[in-house]
Amino acid sequence: MIESTRSQVNSDTCNLLADWQQLEEELNREIRGPLDLNRCKESIVLPSRSVSDPLEQVERLASENVVVIFSISSCCICHAIKRLFCGMGVNPAVHELDEDPKGKDMEKALTRLLGTSSAVPIVFIGGKLVGSMDRVMASHINGTLVPLLKEARALWL
């Protein structure tokens, strides 16, 4: 039963990624060419002042900006999520956990928060936890991500 559920989740995740990649390719061809993450460099925020509890630090960082992504710089899924938001015209604050001295502790706190084995990428919008890649992509595909971004005033169109 567990293997069947795990297999279904993996299949759903692959389908979401395939749908998203197809959507991105269409946008690249029809609208503006390849997305350039260098345009979003100014949105990358390095973690600031020290907080003792990693979960408190995550909550503080998540509430400091409208859209916050906790990421690992070498993670391809994290890269895809950052490209999605930048491609939509949203400038998220990106916290690269592998570049932060307390990043491992924050990653463990995020894992506990989500109750999953993989803690990144994690997205917060308007200080509220949206979730990991699967929830963000599902929201994007079913059309609820843009209204959420508009409500949080991260997107104006």
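Above this text you will find the structure in question.
Please read these numbers as outputs of a predicted model, since none were measured by experiment.

About the criteria used
- Residues numbered from 1 in each chain as written.
- Predicted model: local features only at pLDDT ≥ 70, side-chain atom pairs only at ≥ 80, totals over all residues.
- Heavy atoms only, no water.
- Salt bridge = Lys/Arg side-chain N within 4 Å of Asp/Glu carboxyl O.
- Helix = DSSP H or I, 4+ residues; strand = E, 2+ residues; numbered from the N terminus.
- Buried < 20%, exposed > 50% of the residue type's maximum accessible area, 1.4 Å probe, protein only.
- Contact = heavy atoms within 4.5 Å.
- Phe/Tyr/Trp six-rings, centres within 6.5 Å; stacked < 30°, edge-to-face > 60°.
- Arc of directions from axis to C-beta.

Engineer: What is the right way to read the pattern of salt bridges from this model?
Structural biologist: Side chains that carry opposite charge are capable of pairing whenever their charged atoms lie near each other. The final tally for this structure, using the stated rule, is two salt bridges. Note that Glu64 is salt-bridged to Arg60, the shortest N-O span being 2.6 Å. Of this pair, Glu64 and Arg60 both sit in helix α2 (residues 54–64), separated by four residues, roughly a single helical turn. For Arg60, a relative accessible area of 12% puts it in the buried group. Lys82 is paired through a salt bridge with Glu96; the nearest N and O atoms lie 2.7 Å apart. Residue Lys82 is found in helix α3 (residues 76–87), and its partner Glu96 is found in strand β2 (residues 93–96); the two are separated by 14 residues along the sequence.

Engineer: Where do I start with the environment of Ser139 in this structure?
Structural biologist: When you line up the elements, Ser139 lands in helix α5 (residues 133–142). Given the relative accessible area of 14%, Ser139 is considered buried. If near-sequence neighbours (up to four positions away) are discounted, Ser139 is found in contact with Thr144 and Leu145.

Engineer: Please clarify how the packing of aromatic side chains should be interpreted in this entry.
Structural biologist: When we look at a pair of aromatic rings, we describe it by the centre distance and by the angle of the planes. Inspection of the entire model under this criterion finds one aromatic pair. On the numbers, 5.8 Å between centres and 75 degrees between planes, the contact of Phe70 with Phe124 is edge-to-face. Taken together, the positions of Phe70 in strand β1 (residues 67–71) and Phe124 in strand β3 (residues 122–125) put the pair 54 residues apart, joining distant regions of the chain.

Engineer: Before we go on, may I ask you to explain α5 in this structure?
Structural biologist: The α-helix winds at 3.6 residues per turn, so residues separated by three or four positions along the chain end up facing the same way. All of the buried residues along α5 are Met133, Val136, Met137, Ser139 and His140. Down the axis of α5, the buried side of the element spans an arc of 160 degrees, and every buried residue falls inside it. In α5, those exposed residues whose orientation departs by more than 90 degrees from the buried face are Arg135 and Asn142. Once α5 finishes, Gly143 follows within two positions and takes phi at roughly 85 degrees, a positive value.

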